[in-house]
Amino acid sequence: MSSRGLFNLGWGALSLAGAAYLSCAAMGGRFSHSAAFEGNPPGEASLAADPGPGAPAAAASGASGASGADAAVPRVRTAPVEAYPGDAILLETASEAREVLWILLSSRGYRVSSARGFGGSETGLTAGLLALPVHTEPGSYRLERIERFPDGSARETTETLTVLGRDFGLEEVRLSAANTAIRRDASPQRKRQIDRLNEILFRFDPDAPRFFGPWIHPVKDARRSSEFADRREYRYADGRKETVVHWGIDYAVPRGTPVYASGDGLVALAEDRISTGLTVVIEHLPGVYSLYYHLDSLAASEGESVRAGTLIGASGSTGLSTGPHLHLEFRVNGEAVSPDWFFTLK
Ligand SMILES: [Zn+2]
């Protein structure tokens, strides 16, 4: 087995738990691949507005600074022992199971997140990407792996995951009457756009592309004007206020700046939307998507295959936006994950 197999990627910044299974129990009948993901924000929560020059870029990148993987790290990973809200967790198993599902449970048994396994293209291992929602409270969680075998038997194993605390920035964004109207647009057209985007972001296609990196920033040498999961206080034209979460990164770039695909994949959406303007969505893995908002023009079309670095459009200020910028977002099983988690994947 090559030491550069796909699933050997991505653990450099995370501590490893080792093979520390806490329990092993047979189970049957309760596992279904059609299980709904719970607690996910809708795609339309991702309304972006550039706060303008001088805005703080305060959010800290959660998982960073640890040593890289080396020969001492086992080939088949178990879960990391700790992670930050807004991270994803790359899981893998050499299981012979027909289906694999990972479920993250709170100490009270509440389902925080889940991930379906999918086959790798090189290693034959089963991988899964589990999103840790930004609102996850620090503490101890149970990560269950459920395997279902061809003979109908099933196996459940459990590890412990510690979720650490993470601070997010806070910013105030004043919205014009036009931007306020976009936020309150309840037209059938906008509803159709929201439904379509959510249908894509929650879609898990086992035949989706397989791209694990390296990931690239979609614009070059750009200052960030807003960070992932910053808390935003929108101040509407009529004086009302609302606090929302900013689900991506804003890059402050002039109108017309080339925007490149962050990774290989399939263009799942390329259209003009009321709230996010000219928009591109790329599918990179089963359930894993990158999103590009407020473009001035599109250079990609739906159904097209792209590589990391393929030109997909030019930046702009379309949709709900207070100035030219690119909004980049990543979704894992519908959940927003820090783009920096992907960029630091080694
Ligand atoms: Zn944004």
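Residues numbered from 1 in each chain as written. Predicted model: local features only at pLDDT ≥ 70, side-chain atom pairs only at ≥ 80, totals over all residues.

## Notes on the pairing of strand S8 (residues 139–148)
Here strand S4 (residues 99–105) pairs with S8 via 7 bridges, running antiparallel. From the neighbouring strand, Leu105 faces S8, where its bridge partner is Arg142. Where S8 meets strand S9 (residues 154–163), 10 bridges bridge the pair, whose relative direction is antiparallel. Each bridged residue has a counterpart across the sheet, and for Ile146 the counterpart in S9 is Glu156. If you look at the hairpin formed by S8 and S9, you'll find 5 residues sitting between the two strands, and Gly152 has a positive phi there, around 95°. (Pairing = 2+ DSSP bridges. Helix = DSSP H or I, 4+ residues; strand = E, 2+ residues; numbered from the N terminus.)

## Observations regarding the sheet that holds strand S10 (residues 170–174)
Spatially, 3 strands are ordered S10-S12-S13 in an open sheet, and the strand pairing comes out mixed. With partners counted over all chains shown, the strands left at the sheet margins are S10 and strand S13 (241–245), one partner each. Within this sheet the neighbouring strands show an average axis-to-axis angle of 25°, counted without direction. Of the strand pairs in this sheet, strand S12 (residues 231–235) and S13 are connected by 5 bridges, and their pairing is antiparallel. Paired with Arg231 across the two strands is Val245, which belongs to S13. (Axes fitted to C-alpha atoms, helices over the stretch in contact; angles between N-to-C directions.)

## Brief notes about the sheet that holds strand S7 (residues 126–131)
Here 3 strands make up an open sheet; going across it, the order is S3-S7-S6 and the pairing antiparallel. Bordering the open sheet on either side are strand S3 (88–93) and strand S6 (118–119), each of which pairs with just one other strand. Pairing geometry for S6 and S7, over 2 bridges, is antiparallel. Counted as the bridge partner of Gly119 is Thr126 from S7.

## Details of the nonpolar core
Counting 67 residues, the largest nonpolar core has Ala88, Leu129, Leu130, Val280, Ile282, Tyr292 and Ile312 as its most contacted members. When residues of this core are assigned to their parent elements, the largest contribution, 6 residues, is made by strand S18 (residues 288–298). When we break this core down by domain, the ones giving at least three residues each are domain 1 (6–41 + 62–163) and domain 2 (170–343). In contact with Leu129, other than residues within four places in its own chain, are Ala88, Leu90, Ala115, Leu285, Gly287, Val288 and Val332. (Core = buried A, V, L, I, M, F, W, Y, C linked by C-beta atoms within 7 Å. Buried ≥ 20, exposed ≤ 12 C-beta atoms within 10 Å, placed from the backbone. Domains from an automatic or database assignment. Contact = placed C-beta atoms within 7 Å.)

## What about the confidence of the model for the chain?
Residues shown with low pLDDT carry predicted positions that ought not to be read at fine detail. Averaged over every residue, the pLDDT of the chain is 80; the share at 70 or more is 76%. In the model, residues 1–75 has pLDDT below 50 throughout and makes 165 contacts with residues more than four positions away in sequence or in other chains. (pLDDT = per-residue confidence, 0-100.)

## A short note on the pairing of strand S5 (residues 111–116)
Looking along a regular strand, one sees side chains alternate from face to face of the sheet. Of all 6 residues that make up S5, 5 are buried, and the element is covered over most of its length. Sheet topology places S4 next to S5; 5 bridges connect them, and they run antiparallel. Bridge pairing links Leu105 to Arg111 in S5. In sequence, S4 turns back onto S5 through a hairpin of 5 residues, with Gly109 there showing a positive phi of about 90°.

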